[in-house]
Amino acid sequence: MTPASVVLFLAAWLPAIGSSHLAARPSSAQPPAAHPLCVDADAFLRGDRAMQTMVEPDTVNDWRTRQRQFGCKVTAAGATTQGVQREAVYFYERVRATGWVRTPDPRDAPNEGALRFRKGKADCLFNVYGDAMLMTDAEMLVEDRRPLKPGEVRYHVYAMCMTAMPAAARDSSAH
């Protein structure tokens, strides 16, 4: 095939492939606009923490309803001169200082460096870590956008955000 015939082939078939894929998906499965839930997290990571970010729609396991909720995720890469552990402590101090508050009954994972905060209409679980762990395209892309300078080490933040809701009733059988 010549390059021109490849272009014509793709132009003819891609719309059909895309529409058949979308048509096969039930309308109730279409996620609502989820990116607004990540606006504050993304702004904090880019502005306050000078990180490179990528925001994507996602579904999040909701510990309150025990269901998957539409939401979004922010993958971020930054650099620090104080080491990842000290940066993580400082990171959460800055989260609080910029107006985020702990969610009611957060059910987060402090042993994994992940804490859940609320701002506006979003609950976001922030996870601070060192070397790339997710091995996703987003993680690699934000790393490439934030090269290290001499004396810096890489750190990442992965934030999963969903609609803020009241705390779930405690159910001792759920543990």
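For the structure, check the block above.
Counting restarts for each chain, with residues numbered from 1 along the sequence as it is written. For a predicted model such as this one, the threshold for reporting local features is a pLDDT of at least 70, and the threshold for listing and counting side-chain atom pairs is 80 or more; totals across whole chains, interfaces and linings nevertheless cover every residue. No hydrogens and no water enter the side-chain calculation; it runs on all heavy atoms of the structure.

**Concerning the overall build of the protein chain**
Turning to step 1, where the next piece is worked out: Under the DSSP-based scheme used, a helix requires at least four consecutive residues in state H or I and a strand at least two consecutive residues in state E, with every element numbered from the N terminus. Along the backbone of the protein chain there are four helices and six strands.
Turning to step 2, where the next piece is worked out: Mapped in sequence order, the helices and strands of the protein chain form the string α-α-β-β-α-β-β-β-α-β.
Turning to step 3, where the next piece is worked out: What makes two residues a contact is simply this: any of their non-hydrogen atoms within 4.5 Å. A separation threshold of at least 6 residues defines the contact pool for the protein chain, and within that pool the share at least 24 residues apart is 65%.
Turning to step 4, where the next piece is worked out: To be clear on the numbers: accessible area is Shrake-Rupley with a 1.4 Å probe, and residue cover counts the displayed protein chains and nothing else. Just so you have it, the protein chain exposes about 10,200 Å², and 59% of that area is on carbon and sulfur atoms.

**A short note on the environment of Asn 127**
Turning to step 1, where the next piece is worked out: Residue placement: Asn 127 occurs in strand E5 (residues 122–129).
Turning to step 2, where the next piece is worked out: To sort residues, take the accessible area from a 1.4 Å probe on protein chains only and compare it with the maximum for the residue type: under 20% means buried, over 50% means exposed, and anything in between is partly exposed. Asn 127 sits in the buried class, given a relative accessible area of 18%.
Turning to step 3, where the next piece is worked out: In the structure, Asn 127 is positioned 33 residues away from Met 160 in sequence and 8.6 Å away in space, judged by C-alpha atoms.

**A few points about the pattern of salt bridges**
Turning to step 1, where the next piece is worked out: The term salt bridge refers to a side-chain nitrogen of Lys or Arg lying within 4 Å of a carboxyl oxygen of Asp or Glu. Scanning the model with the defined rule gives seven salt bridges in all.
Turning to step 2, where the next piece is worked out: The salt bridge involving Arg 49 is made with Asp 48; its shortest N-O contact spans 3.1 Å.
Turning to step 3, where the next piece is worked out: We note a salt bridge from Glu 152 to Arg 146, for which the minimum N-O separation is 3.2 Å.
Turning to step 4, where the next piece is worked out: When salt bridges that share partners are traced, they join Asp 48, Arg 49, Glu 87 and Arg 94 into one network.

**Focus on the state of the cysteines**
Turning to step 1, where the next piece is worked out: The disulfide definition used here is simple: a pair of cysteine sulfur atoms within 2.5 Å. Counted according to the given criterion, the structure contains two disulfides.
Turning to step 2, where the next piece is worked out: Sulfur-sulfur distance for the disulfide between Cys 38 and Cys 72 comes to 2.0 Å. Disulfide Cys 38-Cys 72: torsion about the S-S bond near 115°, hence right-handed. On the criterion of sequence distance, the pair formed by Cys 38 in the loop between helix H1 (3–23) and helix H2 (39–48) and Cys 72 in strand E2 (residues 67–80) is long-range, its members being 34 residues apart. Here Cys 38 and Cys 72 have matching classes, each one buried.

**What to know about helix H3 (residues 84–97)**
Turning to step 1, where the next piece is worked out: In this model, H3 (14 residues) spans 19 Å end to end at C-alpha, consistent with the 20 Å of a helix rising 1.5 Å per residue.
Turning to step 2, where the next piece is worked out: Listing the buried residues of H3 in full gives Glu 87, Ala 88, Phe 91, Tyr 92 and Val 95. Along the axis of H3, the buried residues cluster in a sector spanning 135°; they form a single face. Facing away from the buried side of H3, by more than 90 degrees, are the exposed residues Arg 86 and Ala 97.
Turning to step 3, where the next piece is worked out: Where H3 is buried, its residues meet H2, E2, strand E4 (114–119), E5 and strand E6 (153–163).
Turning to step 4, where the next piece is worked out: Downstream of H3 by one or two residues, Gly 99 has phi in the positive range, about 105°. What a helix should span is 1.5 Å times the count of its residues minus one. This arc describes the spread of directions from the helix axis toward the C-beta atoms.

**A few points about the sheet that holds strand E1 (residues 52–62)**
Turning to step 1, where the next piece is worked out: Note on pairing: DSSP must find at least two bridges between two strands before they are called paired. Here six strands make up an open sheet; going across it, the order is E1-E2-E6-E5-E4-E3 and the pairing antiparallel. The open sheet has two free edges, formed respectively by E1 and strand E3 (101–102), since each of these has just one partner strand.
Turning to step 2, where the next piece is worked out: An axis is simply a line fitted to the C-alpha atoms; with a helix, the fit covers only the stretch in contact. Between two such axes, the angle follows the N-to-C directions and lies from 0 to 180 degrees. Lying over the sheet, H3 contacts E2, E3, E4, E5 and E6, oriented at roughly 160° with respect to E5.
Turning to step 3, where the next piece is worked out: Lying over the sheet, helix H4 (residues 137–145) contacts E1, E2, E5 and E6, oriented at roughly 155° with respect to E1.

**Notes on the nonpolar core**
Turning to step 1, where the next piece is worked out: Core analysis: the largest hydrophobic core is formed by 24 residues, its most contacted members being Leu 45, Phe 91, Tyr 92, Trp 100, Phe 126 and Val 157.
Turning to step 2, where the next piece is worked out: Counting residues per element, the ones that place at least two in this core are H2, E2, H3, E4, E5 and E6. The definition of a nonpolar core used throughout is a set of buried Ala, Val, Leu, Ile, Met, Phe, Trp, Tyr and Cys residues joined through side-chain atoms within 4.5 Å.

Just distances and angles here, no functional claims.
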